[in-house]
Amino acid sequence: MTAAGPQAITTRRLDLLPLAAEHAGEMAAALSDPGLHRFIGGAPLSAEALRLRYERLVAGSPDPAVDWWNWVIRLREDDCLVGTVQATLAPAEGGRVAEVAWVVGTPWQGRGIATEAARGLAGRLAGQPVSAVIAHIHPSHPASAAVATAIGLRPTEGRQDGEVRWRMPAGAGRSNAPGPASRATRSSRDL
């Protein structure tokens, strides 16, 4: 990755493509199931509303100390966009923390796509100067908990907005600096 943003990531079945406003139409369809928003909140966005959101994300965080790295997930065999992965990199006590998140459209769930995409993201983050990787997962969402476990995150006692904070343990591919994540700045998932 560069200061300009994320680069493409290729996994066995997927291409993680840097987010662009042009992805909004296809992504609005991929994320259109209202049930998908049970855990991530909100409601499906129209293509136009999603395009405006993507434009804000691509423009980057208004805080120069925070980086928003966002990708769409393209399933090569079907040649379609099926979801997103993201990392918000922010300063925190003990170093820079990467907060990660993923979402896969309902028609493609249960095929290991979220796990494969999250592993691709975690692999890219392994080469970055971050002291911790964290995620926030709804306690009633076993599928996301399984993805987090698969990439090496473990649940903590921490909570935020009713979600459990998951964290990569010290020595599991990250530095041993365990500083807590800062929530003073908004994550790109909050936009």
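It should be emphasised that the depicted structure is a prediction, and the values quoted were computed from it without experimental measurement.

Caption draft 1: Spotlight on the pairing of strand β7 (residues 154-160). With four bridges connecting them, β7 and strand β8 (residues 163-167) associate as antiparallel partners. Of the residues in β8, the one forming a bridge with Arg159 is Val164. Between β7 and β8, which follow one another and run antiparallel, lie two residues, and Asp161 among them has a positive phi close to 50 degrees.

Caption draft 2: Molecular detail of the side chain of His136. The topology assignment puts His136 in strand β6 (residues 132-137). Taking relative accessible area as the criterion, His136 reaches 5% and is therefore assigned buried. Within the structure, His136 has its side chain in polar contact with the side chain of Arg165 (distance 3.1 Å).

Caption draft 3: Seen up close, the pattern of salt bridges. In this structure the tally under the stated criterion is nine salt bridges. Between Arg76 and Asp15 there is a salt bridge, with the nearest N and O atoms lying 2.9 Å from each other. Taken together, the residues span a long stretch of sequence, with Arg76 in the loop between β3 (67-75) and β4 (80-92) and Asp15 in strand β2 (residues 14-18) at a distance of 61 residues. For Glu55, the salt bridge goes to Arg51, with nearest N and O atoms at 2.1 Å. Separated by four residues within a single helix, Glu55 and Arg51 lie in helix α3 (residues 47-59), roughly one turn from each other. For Arg51, a relative accessible area of 27% puts it in the partly exposed group. Within the structure, one salt-bridge network assembled from shared partners comprises Asp15, Arg74, Arg76 and Asp79.

Caption draft 4: Looking closely at the confidence of the model for the protein. Counting all residues, the mean pLDDT for the protein is 87, and 85% of those residues have values of 70 or more. Per-residue pLDDT stays below 50 along residues 174-191; that stretch engages in 63 contacts with residues further than four places along the chain or on separate chains.

Caption draft 5: Summary view of unusual backbone geometry. Phi at Asp79 is positive, roughly 50 degrees, even though this residue is not glycine. Residue position: Asp79 is located in the loop between β3 and β4. A residue is classified by how much of its surface remains accessible, and Asp79, at 55% relative accessible area, is exposed. If you check the backbone angles, Asp161 has positive phi at about 50 degrees while not being a glycine. Here Asp161 lies in the loop between β7 and β8.

Caption draft 6: Region of interest: helix α5 (residues 142-150). Buried within α5 we find Ser144, Ala145, Val147 and Ala148. On an axial view of α5, the arc spanned by its buried residues comes to 160 degrees, and they lie on one face. On the buried face of α5, the contacting elements are β5 (95-104), α4 (113-125), β6 and β8. A positive backbone phi angle near 100 degrees is found at Gly152, which sits one or two residues after α5.

Caption draft 7: Structural view of the sheet that holds strand β1 (residues 9-10). Strand order in the open sheet made by the eight strands is β1-β2-β3-β4-β5-β6-β8-β7, with mixed pairing throughout. Every other strand in the sheet has two partners, leaving β1 and β7 as the edge strands with one partner each. Note: β1 against β2, two bridges, orientation antiparallel. The partner of Thr10 across the bridge, within β2, is Asp15.

Caption draft 8: Here's a closer look at the environment of Ala47. For Ala47, the position within the fold is in helix α3. Judged by its relative accessible area of 35%, Ala47 falls in the partly exposed class. Ignoring sequence-local partners within four residues, the contact set of Ala47 consists of Ala24, Gly25 and Ala28.

Procedures and definitions
- Residues numbered from 1 in each chain as written.
- Predicted model: local features only at pLDDT ≥ 70, side-chain atom pairs only at ≥ 80, totals over all residues.
- Heavy atoms only, no water.
- Pairing = 2+ DSSP bridges.
- Helix = DSSP H or I, 4+ residues; strand = E, 2+ residues; numbered from the N terminus.
- Buried < 20%, exposed > 50% of the residue type's maximum accessible area, 1.4 Å probe, protein only.
- Polar contact = N/O pair within 3.5 Å; in protein donor to acceptor, adjacent residues only side chain to side chain.
- Salt bridge = Lys/Arg side-chain N within 4 Å of Asp/Glu carboxyl O.
- pLDDT = per-residue confidence, 0-100.
- Contact = heavy atoms within 4.5 Å.
- Arc of directions from axis to C-beta.

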